[in-house]
Amino acid sequence: MVEMSAEEFEEAVADALDLVPPELTRLMDNVVILVDDSPADDEPDLLGLYEGTPLTERDQWWATGALPDRITIYRLPTLAICADAEEVAEEVAVTVVHEIAHHFGIDDDRLHELGWA
C-alpha cells in the first residue's frame, strides 16, 4: 500500500483532470468531482463511482431542479492496489477517465472494449 495524504491524493485527481482534453471538459454538464477515502462497505474495492444521469439520457426537462451528477474517486482502495506514487497517478487518471465516460453515457462493456477498464 502506498502512503499518500488526502491532499496529495487530491492533487493526483486534479492532475488527472488536467489531462482530460478541454473540448471534453467543456461538454461536461452539471457534474462535480469528489474525493473520498472509501466507498460503501458493500463495494470495498471500488476505485471510482459515477452517480447521476448520463448526458445521453437527459431530455429538455431534466435540469429542472436536478442536483449535480457526482463522480467520486476513492483514495484508500486506490492506494491499496498501487506500488508507488507514479502508479497511483496512472490509476487515478484511468479512473477519472472511466467515470467521466459514464457521464457521457459510455457503459462498462464499451469501456472494456476501449481498454479503459
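Look above for the structure.
We now turn to the structure provided with this report. Along each chain, residue indices are assigned from 1 in the same order as the chain's sequence is written. In keeping with the model being predicted, local features are shown solely for residues with a pLDDT of at least 70 and side-chain atom pairs are shown and tallied solely at 80 or more, while totals for entire chains, interfaces and linings include all residues. The basis for every side-chain value is the complete set of non-hydrogen atoms in the structure, without hydrogens or water.

## A few points about the pairing of strand β2 (residues 48-51)
Working step 1: Burial classification: accessible surface area is computed with a 1.4 Å probe over protein chains only, and a residue below 20% of its type maximum counts as buried, one above 50% as exposed, and the rest as partly exposed. Per the convention used, a helix needs a DSSP run of H or I reaching at least four residues, while a strand needs a run of E reaching at least two, with both numbered from the N terminus. Residues Gly48 and Tyr50 of β2 are buried on one face, while the alternating residues Leu49 and Glu51, pointing to the opposite face, are not.
Working step 2: Here four bridges tie β2 to strand β3 (residues 69-74), and the two strands are oriented antiparallel to one another. When the bridges of β3 are listed, Gly48 appears paired with Ile73. The criterion for strand pairing is that DSSP finds at least two bridges linking the strands in question.

## Description of unusual backbone geometry
Working step 1: Within the chain, Asn30 stands out as a residue other than glycine whose phi angle is a positive 55°.
Working step 2: Structurally, Asn30 can be placed in the loop between α2 (22-25) and β1 (31-36).
Working step 3: The exposure class assigned to Asn30 is partly exposed, which follows from its relative accessible area of 28%.

## Topic: the side chain of Arg75
Working step 1: On the secondary structure map, Arg75 appears in helix α3 (residues 75-81).
Working step 2: Any two residues having at least one pair of non-hydrogen atoms within 4.5 Å are treated as being in contact. Filtering out sequence-adjacent residues up to four positions away, Arg75 remains in contact with Met4, Ser5, Ala6, Phe9, Asp36 and Asp37.

## Focus on the pattern of salt bridges
Working step 1: One side-chain nitrogen of Lys or Arg within 4 Å of one carboxyl oxygen of Asp or Glu is enough to make a salt bridge. By the definition in use, this model includes five salt bridges.
Working step 2: One salt bridge in this structure joins Arg70 and Glu51, with 3.5 Å as the shortest N-O distance. Of this pair, Arg70 sits in strand β3 while Glu51 sits in strand β2, and the two are 19 residues apart along the sequence.
Working step 3: Judged by relative accessible area, which is 36%, Glu51 ranks as partly exposed.
Working step 4: For the salt bridge of Arg58 with Asp69, the shortest nitrogen-to-oxygen distance reads 2.6 Å. Residue Arg58 is located in the loop between β2 and β3, and its partner Asp69 is located in strand β3; the two are separated by 11 residues in the primary sequence.

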